[in-house]
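A look at the structure
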Amino acid sequence: SSAASDVYKRQPAIAIGNFYQGGVVFYIFQSGDTGYIDGETHGLIAAVQDQSSSGIRWYNGSYSTTGATGTAIGTGATNTTTIISVQGATETSYAAGLARAYTGGGYTDWFLPSKDELNKMYTNKATINTTAALNSGSDFVDNYYWSSTEGDNDIAWGQNVYRGNQGNDGKGSTNNVRAVRAF
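So, a few notes on the structure that sits alongside this text. (Residues numbered from 1 in each chain as written. Predicted model: local features only at pLDDT ≥ 70, side-chain atom pairs only at ≥ 80, totals over all residues. Heavy atoms only, no water.)

Attention now goes to the overall build of the protein. When helices and strands are counted, the protein shows five helices and seven strands. For the protein, the N- to C-terminal ordering of α and β elements is α-β-β-β-α-α-α-α-β-β-β-β. Rg of the C-alpha trace for the protein: 17 Å, near the compact-globule value of 16 Å for 183 residues, within the 12% margin. Overall, the protein is about 65 × 30 × 30 Å in size when its C-alpha atoms are taken along their principal axes. Expressed as a percentage of the 183 residues in the protein, the buried residues total 43%. Restricting to contacts in the protein with at least 6 residues of sequence separation, those with at least 24 account for 65%. Side chains of the protein carry 11 positive and 15 negative charges; the gap between the two charge centres is 4 Å. (Helix = DSSP H or I, 4+ residues; strand = E, 2+ residues; numbered from the N terminus. Rg over C-alpha atoms; globule rule 2.2 N^0.38 Å. Buried < 20%, exposed > 50% of the residue type's maximum accessible area, 1.4 Å probe, protein only. Contact = heavy atoms within 4.5 Å. Lys, Arg positive; Asp, Glu negative; His and termini not counted. Charge placed at Lys NZ, Arg CZ, Asp CG, Glu CD.)

Spelled out as structure tokens, the structure:
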């Protein structure tokens, strides 16, 4: 056997719960997901801690429609860019800007998860908490977390990570933020 094949055999498979590229792998893309590439492993990584310790507003202080309406896996990054393009560069004063400003692991492509991405974080909350704790992170708090999915000019989607339910909340409400990135 060649040295190259021995090196290849030792490469660990990327799996849910792995600490990888600055965070915790919580979802592996499947056929049909945006970002899926046949024969390659790609997915989503959660930050090891919240970016807001006491909650932050979804909006920048004025109600407007941003057009960030993607709900599916793979739409959070586009939603985040759309929100920031409309709400401006007061980066850390609202949820999407705060998520984008995060630089965990030295990466600068973090985003606010879409509604469906946030739900995948919720379903893997225990795994994320365990890996985060082993990597200088912290558990999710029993609170609502913002998604990047807008409802209309007044509301956006969030998720209660204690009960699991998703719902609309006023954009001026303060909820937690846990940034995500794709790999």
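The structure having been displayed, the exposition proceeds.
Spatially, four strands are ordered E1-E2-E3-E7 in an open sheet, and the strand pairing comes out antiparallel. Each edge of the open sheet carries a strand with a single partner, namely strand E1 (19-20) and strand E7 (180-182). Examined bridge by bridge, strand E2 (residues 23-28) and strand E3 (residues 43-46) share four bridges and lie antiparallel to one another. Bridging across to E3, Val-25 finds its partner in Ile-45. Each of E2, E3 and E7 is contacted by helix H4 (residues 115-123), which is oriented at about 110° to E2, the strand it contacts most. Across the sheet, helix H5 (residues 125-133) is in contact with E1, E2 and E3; its angle to E2 comes to roughly 155°. (Pairing = 2+ DSSP bridges. Axes fitted to C-alpha atoms, helices over the stretch in contact; angles between N-to-C directions.)

Time to look at the packing of aromatic side chains. Within this structure, the stated rule accounts for five aromatic pairs. Relative to Tyr-145, the ring of Phe-140 has its centre 5.2 Å away and its plane inclined at 75°; by these criteria the two rings are edge-to-face. Accessibility classification places Phe-140 together with Tyr-145 in one group, the buried group. Its guanidinium or amino end placed over the ring of Tyr-107, Arg-181 lies 3.7 Å from that ring's centre, counting from NZ or CZ. When the ring centre of Trp-110 is taken as reference, the NZ or CZ atom of Arg-181 above it lies at 5.9 Å. (Phe/Tyr/Trp six-rings, centres within 6.5 Å; stacked < 30°, edge-to-face > 60°. Lys NZ or Arg CZ within 6 Å of the ring centre and 35° of its normal.)

The quantities given are spatial measurements derived from coordinates; they are silent on function.
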